[in-house]
Amino acid sequence: MTAESLLQQAYDPESFRRAGHQLIDRLADHLQHMLAAEGPVHHQIPPDTLYDAWTEAEAGPAQDPSQFFEQVLGQAIYLHHPHYVGHQISPPLPTAALAGLLGDFLNNGMGVYEMGASGTALERRVIALVATAMGLGPQADGFMTSGGTLGNLTALLAARQQRSGHDVWTQGHQNGYQPAIMVSAQAHYCVKRAAQVMGWGEAGVIQVPVDENFRIRTDLLPSLLAAAQARGLQVIAAVGSACTTATGSFDDLEAMADFCEAHGLWFHVDAAHGGPTAFSETWRHLLQGISRADTVVIDFHKMALTPALATGVIFRDGSLSYCTFEQDAHYLWSRQQPEWYNLAKRTFECTKYMMSLKAYTALQAGGGRVTGAFVDTMYQLGQTFAEMILARSDMELAVKPMCNIVCFRWRPSDLSPDQVSPVNAAIRADIIQSGAFYLVQTTLRGDTWLRVSLMNPFTRASHLQVLLDLVAATGIRLTAQDTLTLV
Ligand SMILES: *Cc1c(COP(=O)(O)O)cnc(C)c1O
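Residues numbered from 1 in each chain as written. Predicted model: local features only at pLDDT ≥ 70, side-chain atom pairs only at ≥ 80, totals over all residues. Heavy atoms only, no water.

Draft legend 1. Spotlight on the pattern of salt bridges. One pass over the structure, following the stated rule, counts 18 salt bridges. Across the salt bridge formed by Arg-346 and Asp-141, the nearest N and O atoms sit 3.4 Å from each other. One end of the pair, Arg-346, is in the loop between α13 (330-334) and α14 (355-368); the other, Asp-141, is in strand β1 (residues 141-145), and 205 residues separate them in sequence. On the accessibility criterion, Asp-141 (10% relative accessible area) is buried. Linking Arg-316 and Asp-294 is a salt bridge whose minimum nitrogen-to-oxygen distance equals 3.1 Å. Linking Arg-316 in the loop between β7 (311-315) and α13 with Asp-294 in the loop between β5 (266-270) and β6 (295-299), this pair joins segments that are 22 residues apart in sequence. Arg-316 gets classed as partly exposed once you look at its relative accessible area, which sits at 31%. By relative accessible area, Asp-294 is classed as buried at 12%. (Salt bridge = Lys/Arg side-chain N within 4 Å of Asp/Glu carboxyl O. Helix = DSSP H or I, 4+ residues; strand = E, 2+ residues; numbered from the N terminus. Buried < 20%, exposed > 50% of the residue type's maximum accessible area, 1.4 Å probe, protein only.)

Here it is, written out as structure tokens:
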């Protein structure tokens, strides 16, 4: 086949139409099965087996796209399955996934306005909708970026530029300058990583202990600040978690805002998970104080039903969103209107995926009411699940949940204390191997706990009842086997 005909075939509109219709039909059927909780939540295939299978398949006859799609579908973990209660990623809204397909097809690069007009305008709308819901005020503005990890780094780069007292971006760290941030010991690891990326070392993160509910001890902030300053650190920011990853604990943002205001610190809120709480009348109070944040990060691919990745970085004073990567901040001096529409001036990325299409579709779903309904449903289910755990004598709840993240463990009275962690780890491994549920685990105060993020609006109390019974039955079976080698 000539190069020309090869390429013509690869772009053939009729083949695209056929494969596209087939795929959507297949996914709609899949969705129907998933919502009815049919079949396993995933097939656990060892990584090397899967890699070898794909390598071998290349030696065989060429696959058509539908065969390829079918295989990928068969090997996936199904976030739309009500027994998916694992990590904090949404089962995306089907319409948001379609918006993703549109964005993939158009492939508008987004770095400059000319290369992504609608994506750029919608990005500003997405940021405005969230800023309004959070009460960040009329000057708020920002942009979207590739994940909460990068979002937190970007916000903290801006904090460093604003609060260092010299132009760090251009001059680097001057004269032994040692910046630091204060953050809960339970914060997501990416906050520490951001500080280390910026060259601050481990000393650049002052870990603040948490209370019995895993919320930052705001009463310790002043003394820890004084001690850090005495060590020669320049503390420039405090980071609130809304919420923490392990237990879903929302820090007291109002108290943190007071502290930052009193000491001239930048106040950043990592609301990667909990940001969409702002769209819920019932739960919005958990974010009390977020309106005073200098910067906020929100992941749409967690509680806003958007396919990954889609993250917002929002500045209460939108003009400061230009300071991060801008060597010559002319607009600040000249008071010219900055070019909000040439996004690469403000984002880490140059070329960027049209993520706003997906997030906007999800935020506008159901007349803009789906996000709030989702938060309401899932947070309420977290409460229900906690009550179900408390009602059993063989289960223990780590902490009363504040949202849809719940940590618990199997602990019948006759289980010896040194067995509790290894048995619960073994229970999880056994359950996910079976494909019956997908749940995760976390370490709290040195012990292993089972952890669920209730992310699927079709997960009901009845499914969670099945999970608790399965955890208990698995625990009984595993502890009865004396061959069990506990990790
Ligand atoms: C998930 C999460 C992150 C990381 O976000 P990614 O989008 O996975 O990079 C950061 N902080 C918190 C609180 C999170 O829950």
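Draft legend 2. Structural context of the pairing of β6. Across the five residues that make up β6, a large majority, five, are buried. Burial along β6 is two-sided: the face carrying Thr-295, Val-297 and Asp-299 and the face carrying Val-296 and Ile-298 are both buried. Two elements, β5 and β6, share three bridges in a ladder whose sense is parallel. The residue bridging His-268 from the neighbouring strand is Thr-295, located in β6. Here five bridges tie β6 to β7, and the two strands are oriented antiparallel to one another. Pairing of Val-297 across the sheet is with Val-313, part of β7. (Pairing = 2+ DSSP bridges.)

Don't take any of this as a statement about function, it's just geometry.
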